[in-house]
Amino acid sequence: MGRYKAVIRTISGVYSSESKNDSNFEKAKQMTDEFAKREGRRPRIFIAKMGQDGHDRGAKVVATGYADCGFDVDMGPLFQTPAEAAREAVENDVHIVGASSLAAGHKTLIPQLIEELKKLGREDIMVTAGGVIPAQDYDFLYKAGVACIFGPGTPVPYSAVEMMKILLEE
C-alpha cells in the first residue's frame, strides 16, 4: 500500500493579477529576469514540507506567488524527511530550498536539511525558512545556516526580492 501521497497542484497568474501595484512584485520579476539572463535559466526554488505538518495551503500560496515572480518552482510532498527534501533539491538542481514550517519542527528539521545538503556536496543551495517560527528561534536558525526567515504575513514579492538580492550577489 505505501504512504499516502497528496497530489500537489499549483496555479499561476493569480498572484500577478492581484499584485499590479506592488513595487516589490515588479522588482522581483526584474531580478529573476536578470538572473535568467546571467545564468541561462530562471532561479529555481524547492518548497519543502518536512515532518508531521499535514497541511500545505500556505506553501501552495507561496509557490504560486514565486512562480508569478519569475521563479521555477518545485514543491515537495507533505511529510518529507530532511534527507528526502535535500535529495529532491539536489536532483532538481535548485538554487533555493524554502523550508515551510508550521508544526514546530524548525529547530531540528531545518538544521538537518542543511546537514543533508552538505553531505550531498551542495552547501551552495540557499536555505530559507518560512511559516510559524517564534522570533526567539531566528538567531538559532541563522547560526545553523538559514539565509532568510519569513514569518506569517510576509508578502511573497518582498521575500522574493530578499532571496534574489542574495542570489544576484554571488
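Before reading on, note that the structure itself is shown above.
Residues numbered from 1 in each chain as written. Predicted model: local features only at pLDDT ≥ 70, side-chain atom pairs only at ≥ 80, totals over all residues. Heavy atoms only, no water.

Trainee: Provide a residue-level description of the sheet that holds strand β1 (residues 44–48), including the pertinent values.
Mentor: The 5 strands lie next to each other as β2-β1-β3-β4-β5, forming an open sheet whose pairing is parallel. Edge positions in the open sheet fall to β2 (72–75) and β5 (148–150), since each of these has one partner strand only. Within this sheet the neighbouring strands show an average axis-to-axis angle of 20°, counted without direction. Bridge analysis of β1 against β2 gives 4 bridges, and the strand direction is parallel. (Pairing = 2+ DSSP bridges. Helix = DSSP H or I, 4+ residues; strand = E, 2+ residues; numbered from the N terminus. Axes fitted to C-alpha atoms, helices over the stretch in contact; angles between N-to-C directions.)

Trainee: Explain helix α4 (residues 82–91) to me, and be specific about the residues and the numbers.
Mentor: Taken together, the buried positions of α4 are occupied by P82, A85, A86 and A89. Down the axis of α4, the smallest arc covering the buried residues is 100°, so these residues share one side. Looking at the packing, one finds that the buried side of α4 touches β1, β3 (96–101) and α5 (106–119). One or two residues past the end of α4 sits D93, with phi positive at roughly 50°. (Buried < 20%, exposed > 50% of the residue type's maximum accessible area, 1.4 Å probe, protein only. Arc of directions from axis to C-beta. Contact = heavy atoms within 4.5 Å.)

Trainee: Help me get a handle on the packing of aromatic side chains, residues and values and all.
Mentor: This structure, assessed with the given rule, holds 1 aromatic pair. The ring of F140 has K107 lying over it, and the distance from NZ or CZ to the ring centre is 5.0 Å. (Phe/Tyr/Trp six-rings, centres within 6.5 Å; stacked < 30°, edge-to-face > 60°. Lys NZ or Arg CZ within 6 Å of the ring centre and 35° of its normal.)

Trainee: Got a sec to walk through unusual backbone geometry? Specific residues and values, please.
Mentor: A positive phi angle is found at D93, which is not glycine, with a value near 50°. With respect to the secondary-structure elements, D93 resides in the loop between α4 and β3. Given a relative accessible area of 33%, D93 falls into the partly exposed group.

Trainee: Break down the pairing of strand β4 (residues 126–131) for me, citing the residues and quoting the values.
Mentor: Counting buried residues in β4 gives 5 out of 6 residues, a clear majority hidden from the surface. Judged from the 3 bridges that link them, β4 and β5 form a sheet pairing that is parallel. For G130, the partnering residue across the bridge sits in β5 and is F150. Each parallel crossover has a hand, and for β4 linked through helix α6 (residues 138–144) to β5 it is right-handed. (Right-handed = clockwise from strand over helix to strand, strands pointing away.)

Trainee: Which residues make up the environment of L113, and what are the values?
Mentor: With respect to the helices and strands, L113 occurs in helix α5. Given a relative accessible area of 0%, L113 falls into the buried group. It is 8.9 Å that separates the C-alpha atoms of L113 and E84, two residues lying 29 residues apart in sequence. Those residues within four positions of L113 in sequence are excluded, and the remaining contacts are M50, P82, A85, A86, V97, A99 and V127.

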